[in-house]
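A look at the structure
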Amino acid sequence: MNSILPSHSAFVSGVRPVRPRVSVVMVVYQTGDALIESIQHVLAEPLVDEFVIIDNGSPADWAERLRALSQAEPRVVLRQGHGNVGFARGANMGAETARGEYIVFLNPDANLQANCVEALVAAFENQPVPTVVGARVMNTDGTEQRGGRRGEVTPVTTLLSFGHLTARFKGLSKFEIHREREPTPDAAVPMPTISGACFALRREDFDLLSGFDEGYFLHVEDIDLCWRARQAGGQVLFQPKAEVIHLGHTSLEHPLKVEFHKGVGLSRYFIKRADSVQRYILAVLLAPLILLMSVSRPLIWKITGRPI
């Protein structure tokens, strides 16, 4: 693998089974060096039978290294040459390619921890269809990451949480989306929204929901999926025993472009889920403000030295 990975013999664990039980799907685009460690963790996980990598347009050297990996590791299935079709479409392509009973969607800058896959799969026992199970997303220092478990994402909760007004004014605390400061549960619990950094569905869950809404290019497709699962009579679970370390902010794309897509995605989501004329009008009117707040975040990070 030249310089992208150390000797692949260190993590090759066997041949790809005829009928995989667990498939990991990873959409790759301009990830940078974080991709190396993420791939290593996936291939070191014995419960991963199949690893589907959707390359949305890596630089030529990285694309070649991924091809070499797919030739060296029987469990890796690589799809390239389709260009940058966005995360939602890429994830759907990955799921369509995967043959596992369980599909774990993993960000290319997220590192599976011990027993993560096992805990995700275990959470589905006796659960209705559809069910979405999200992992506990951690920072490199061992603290729980902001956004890993969230309440109901609405225009009001988004604006108040983005502006940290829920923390500054006690009367607004009920509108806080993020729940990482709440006590960690002992077992999987219902949660309105989980993080797209690492989560799982059964094949039947994915098929019933018709996968991701490809109207989202980057970001918010995970929020939309959670909402649609609950709308369909299913549930979303937060599994604290499934831990993944998410580096975040590793993309080689300019942060302004990434946040722009997030703002567009949020605006689209609020308009899509508006169930009354009043809420539709509110979503449309707040769309410019949500977009402005999103694209201003990189500047705030630069000033404060930390993400918000």
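Because the structure is predicted, anything quoted here is derived from the model rather than measured. (Residues numbered from 1 in each chain as written. Predicted model: local features only at pLDDT ≥ 70, side-chain atom pairs only at ≥ 80, totals over all residues. Heavy atoms only, no water.)

1. Some thoughts on the confidence of the model for the protein chain
Looking at the protein chain, the pLDDT average stands at 89 and 89% of residues meet or exceed 70. The low-confidence segment residues 6-11, where pLDDT is below 50, has 9 contacts with residues more than four positions distant or belonging to other chains. (pLDDT = per-residue confidence, 0-100. Contact = heavy atoms within 4.5 Å.)

2. With respect to the pattern of salt bridges
Where charged atoms of side chains with opposite charge meet at close range, the side chains can pair. A full pass over the atoms with the stated rule returns 18 salt bridges. Residues Lys272 and Asp224 are paired through a salt bridge, measuring 2.7 Å at the closest nitrogen-oxygen approach. Of this pair, Lys272 sits in helix H9 (residues 255-273) while Asp224 is found in helix H8 (residues 221-231), placing the two residues 48 residues apart along the sequence. Owing to a relative accessible area of 0%, Asp224 belongs among the buried residues under this scheme. (Salt bridge = Lys/Arg side-chain N within 4 Å of Asp/Glu carboxyl O. Helix = DSSP H or I, 4+ residues; strand = E, 2+ residues; numbered from the N terminus. Buried < 20%, exposed > 50% of the residue type's maximum accessible area, 1.4 Å probe, protein only.)

3. Describing unusual backbone geometry
The general pattern is negative phi for most residues beyond glycine and trans for most peptide bonds. Residue Pro130 follows Val129 across a cis peptide bond; omega there is 5°. The backbone of Asn115 sits at a positive phi, close to 70°, despite the residue not being glycine. Here Asn115 shows up in the loop between strand S5 (110-112) and helix H4 (116-122). Phi angles above zero are rare outside glycine, and Ser210 is one such case at about 60°. Along the chain, Ser210 turns up in the loop between helix H7 (203-208) and H8. Look at Ser210 and you get exposed, because its relative accessible area is 58%.

4. Brief notes about the packing of aromatic side chains
Taken as a whole and assessed by the stated rule, the structure comprises 9 aromatic pairs. Measuring from centroid to centroid gives 6.0 Å for Phe87 and Phe212, while their planes differ by 75°, and the two rings are edge-to-face. One end of the pair, Phe87, is in helix H3 (residues 87-97); the other, Phe212, is in the loop between H7 and H8, and 125 residues separate them in sequence. On the basis of relative accessibility, which here comes to 16%, the residue Phe87 falls in the buried class. Ring geometry for Phe105 versus Phe199: centroids 5.3 Å apart, planes at 25°, classification stacked. Here Phe199 lies in strand S10 (residues 198-202) and Phe105 lies in strand S4 (residues 102-106), a separation of 94 residues in the sequence. Across this residue pair, the class does not change: Phe105 and Phe199 are buried. Three or more aromatic residues joined by ring pairs form one cluster here, namely Phe87, Phe105, Phe199, Phe206 and Phe212. (Phe/Tyr/Trp six-rings, centres within 6.5 Å; stacked < 30°, edge-to-face > 60°.)

5. Concerning helix H2 (residues 60-72)
An α-helical turn contains 3.6 residues, so a residue and the one three or four places further along point in the same direction. Compared with an ideal rise of 1.5 Å per residue, which puts 13 residues at 18 Å, H2 spans 19 Å between its outermost C-alpha atoms and is within 8% of the ideal. For H2, every residue scored as buried is listed here: Trp62, Ala63, Arg65, Leu66 and Leu69. Down the axis of H2, the buried side of the element spans an arc of 160°, and every buried residue falls inside it. Opposite its buried face, H2 presents the exposed residues Ala60 and Gln71, each directed more than 90 degrees away. (Expected span 1.5 Å × (residues − 1). Arc of directions from axis to C-beta.)

6. Looking at the environment of Ala232
Mapped onto the secondary structure, Ala232 falls in the loop between H8 and strand S11 (235-246). Sequence separation between Ala232 and Val129 is 103 residues, and the spatial gap between their C-alpha atoms is 8.8 Å. Aside from chain neighbours lying at most four places away, what touches Ala232 is Pro130, Leu208 and Leu209.

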